[in-house]
Amino acid sequence: MRRSIVAMLAVILMSTSALAEDWVTHTDTIENLDVWPSGSNAWAISIVPSTEPNASCPDGFYIEHNAVNSSAAYSTLLTAFSMGLPVSIQFKVSTTLNDYCKANRIRLKAS
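As a starting point, this report considers the structure included with it. (Residues numbered from 1 in each chain as written. Predicted model: local features only at pLDDT ≥ 70, side-chain atom pairs only at ≥ 80, totals over all residues. Heavy atoms only, no water.)

Now for the environment of Ala 55. In this structure, Ala 55 sits in the loop between β3 (45–49) and β4 (60–63). Under the relative-accessibility criterion, Ala 55 is labelled exposed at 69%. Residues Ala 55 and Asp 99, 44 residues apart in the sequence, show an inter-C-alpha distance of 8.9 Å. (Helix = DSSP H or I, 4+ residues; strand = E, 2+ residues; numbered from the N terminus. Buried < 20%, exposed > 50% of the residue type's maximum accessible area, 1.4 Å probe, protein only.)

The strand order β1-β5-β6-β4-β3-β2 describes an open sheet built from 6 strands, whose pairing is mixed. The open sheet has two edge strands, β1 (24–28) and β2 (30–35), and neither has a second partner. Geometrically, the sheet is characterised by an average inter-axis angle of 35 degrees between neighbouring strands, direction not taken into account. Helix α2 (residues 70–83) rests against β2, β3, β4, β5 (87–97) and β6 (100–108) of the sheet, and its axis sits at about 145 degrees to β2. (Pairing = 2+ DSSP bridges. Axes fitted to C-alpha atoms, helices over the stretch in contact; angles between N-to-C directions. Contact = heavy atoms within 4.5 Å.)

A word on the nonpolar core. By size, the foremost hydrophobic cluster in this structure holds 17 residues, and its most contacted members are Ile 30, Ile 45, Ile 47, Phe 61, Ile 63 and Leu 77. When residues of this core are traced back to their parent elements, those giving at least two are β2, β3, β4, α2, β5 and β6. If sequence neighbours within four positions are ignored, Ile 63 has contacts with Trp 43, Ala 44, Ile 45, Ile 47, Ser 70, Ala 73, Leu 77, Ala 103 and Ile 106. (Core = buried A, V, L, I, M, F, W, Y, C linked by side-chain atoms within 4.5 Å.)

Located in the positive-phi region is Asn 98, a residue other than glycine, with phi close to 50 degrees. With respect to the element layout, Asn 98 can be found in the loop between β5 and β6. Backbone geometry places Asp 99, a non-glycine residue, at a positive phi of 70 degrees. Here Asp 99 is to be found in the loop between β5 and β6. Among the residues examined, Asp 99 registers a relative accessible area of 42% and is labelled partly exposed.

Another aspect to go through is α2. Three or four residues apart is the spacing at which side chains of an α-helix point the same way, because the helix has 3.6 residues per turn. Between its first and last C-alpha atoms α2 spans 20 Å; for 14 residues at 1.5 Å apiece the expected length is 20 Å, and the two agree. If you check which residues of α2 are buried, you get Ser 70, Ala 73, Leu 77 and Ala 80. Taken around the axis of α2, the buried residues stretch over an arc of 95 degrees, which confines them to a single face. Opposite the buried face of α2, at more than 90 degrees from it, the exposed residues are Ser 71, Ser 82 and Met 83. Buried residues along α2 sit in contact with β2, β3, β4, β5 and β6. One or two positions beyond α2, positive phi appears at Gly 84, with a value near 70 degrees. (Expected span 1.5 Å × (residues − 1). Arc of directions from axis to C-beta.)

Inspection of every chain in the model, using the stated rule, returns 1 salt bridge. For Lys 102, the salt bridge identified is with Glu 64, shortest N-O distance 3.2 Å. Of this pair, Lys 102 sits in strand β6 while Glu 64 sits in the loop between β4 and α2, placing them 38 residues apart in sequence. Glu 64 gets classed as partly exposed once you look at its relative accessible area, which sits at 27%. (Salt bridge = Lys/Arg side-chain N within 4 Å of Asp/Glu carboxyl O.)

Structure follows, in C-alpha coordinates:
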(Lines give C-alpha, C1' and ligand atoms only; values in the text may rest on other atoms or scores of the structure.)
Protein backbone atom coordinates (compact mmCIF):
# COMPACT_ATOMS: atom_id res chain seq x y z
CA MET A 1 0.00 0.00 0.00
CA ARG A 2 2.72 2.43 1.02
CA ARG A 3 4.80 1.65 -2.11
CA SER A 4 1.83 2.30 -4.41
CA ILE A 5 1.22 5.68 -2.77
CA VAL A 6 4.89 6.63 -3.14
CA ALA A 7 4.88 5.45 -6.76
CA MET A 8 1.70 7.43 -7.47
CA LEU A 9 3.17 10.58 -5.91
CA ALA A 10 6.35 10.15 -7.96
CA VAL A 11 4.33 9.90 -11.18
CA ILE A 12 2.30 13.00 -10.28
CA LEU A 13 5.42 15.01 -9.43
CA MET A 14 7.17 13.99 -12.65
CA SER A 15 4.16 14.85 -14.83
CA THR A 16 3.54 18.23 -13.18
CA SER A 17 7.19 19.24 -13.44
CA ALA A 18 7.07 18.57 -17.19
CA LEU A 19 3.89 20.63 -17.52
CA ALA A 20 5.18 23.46 -15.37
CA GLU A 21 8.10 24.25 -17.63
CA ASP A 22 9.68 27.55 -16.74
CA TRP A 23 9.12 30.60 -18.89
CA VAL A 24 12.22 32.51 -19.95
CA THR A 25 12.37 36.25 -20.65
CA HIS A 26 14.91 37.95 -22.90
CA THR A 27 15.23 41.75 -22.82
CA ASP A 28 17.02 43.41 -25.70
CA THR A 29 16.66 45.82 -28.59
CA ILE A 30 15.45 44.49 -31.94
CA GLU A 31 17.98 44.07 -34.72
CA ASN A 32 15.57 42.81 -37.42
CA LEU A 33 11.80 42.62 -37.68
CA ASP A 34 10.32 40.61 -40.56
CA VAL A 35 6.63 40.31 -41.41
CA TRP A 36 4.94 37.87 -43.81
CA PRO A 37 1.32 39.06 -44.16
CA SER A 38 0.54 36.65 -46.99
CA GLY A 39 1.31 33.57 -44.93
CA SER A 40 4.17 32.49 -47.20
CA ASN A 41 6.46 31.67 -44.29
CA ALA A 42 6.18 29.33 -41.30
CA TRP A 43 5.45 32.31 -39.04
CA ALA A 44 3.81 35.71 -39.47
CA ILE A 45 6.44 37.81 -37.67
CA SER A 46 10.04 37.08 -36.78
CA ILE A 47 11.94 39.13 -34.23
CA VAL A 48 15.73 39.05 -34.18
CA PRO A 49 17.16 40.63 -31.02
CA SER A 50 20.58 42.26 -30.92
CA THR A 51 22.02 39.33 -28.95
CA GLU A 52 21.23 35.61 -29.06
CA PRO A 53 18.39 34.97 -26.60
CA ASN A 54 18.99 31.28 -25.93
CA ALA A 55 20.88 28.31 -27.40
CA SER A 56 17.52 26.70 -28.29
CA CYS A 57 16.44 29.72 -30.34
CA PRO A 58 19.60 31.31 -31.73
CA ASP A 59 17.75 33.17 -34.50
CA GLY A 60 15.25 34.91 -32.21
CA PHE A 61 11.49 34.71 -31.86
CA TYR A 62 8.38 34.23 -33.96
CA ILE A 63 4.68 34.98 -33.77
CA GLU A 64 2.48 32.50 -35.60
CA HIS A 65 -0.03 33.44 -38.30
CA ASN A 66 -3.09 32.59 -36.24
CA ALA A 67 -2.01 34.50 -33.10
CA VAL A 68 -5.04 36.34 -31.73
CA ASN A 69 -3.21 39.57 -30.86
CA SER A 70 -0.64 39.61 -33.67
CA SER A 71 -1.64 43.14 -34.79
CA ALA A 72 -1.12 44.52 -31.29
CA ALA A 73 2.15 42.60 -30.96
CA TYR A 74 3.38 43.91 -34.32
CA SER A 75 2.46 47.48 -33.36
CA THR A 76 4.39 47.16 -30.10
CA LEU A 77 7.39 45.60 -31.84
CA LEU A 78 7.42 48.21 -34.61
CA THR A 79 7.35 51.01 -32.05
CA ALA A 80 10.24 49.47 -30.11
CA PHE A 81 12.21 48.79 -33.31
CA SER A 82 11.77 52.29 -34.74
CA MET A 83 12.65 53.98 -31.44
CA GLY A 84 15.48 51.62 -30.47
CA LEU A 85 13.73 50.70 -27.21
CA PRO A 86 14.35 47.42 -25.42
CA VAL A 87 11.56 44.85 -25.31
CA SER A 88 11.11 41.90 -23.02
CA ILE A 89 9.97 38.75 -24.80
CA GLN A 90 8.72 35.80 -22.79
CA PHE A 91 9.09 32.33 -24.31
CA LYS A 92 9.62 28.63 -23.63
CA VAL A 93 12.62 26.90 -25.13
CA SER A 94 10.38 23.92 -25.97
CA THR A 95 8.33 25.92 -28.49
CA THR A 96 10.81 26.30 -31.34
CA LEU A 97 10.41 26.47 -35.10
CA ASN A 98 13.44 26.64 -37.40
CA ASP A 99 15.73 27.97 -34.62
CA TYR A 100 13.17 30.56 -33.49
CA CYS A 101 11.25 30.38 -30.20
CA LYS A 102 7.55 31.21 -30.09
CA ALA A 103 6.98 34.57 -28.36
CA ASN A 104 4.38 34.37 -25.64
CA ARG A 105 4.44 37.84 -24.12
CA ILE A 106 5.99 41.06 -25.40
CA ARG A 107 6.56 43.92 -23.02
CA LEU A 108 7.81 47.33 -24.04
CA LYS A 109 10.19 48.75 -21.46
CA ALA A 110 10.84 52.44 -20.90
CA SER A 111 14.41 53.44 -21.64
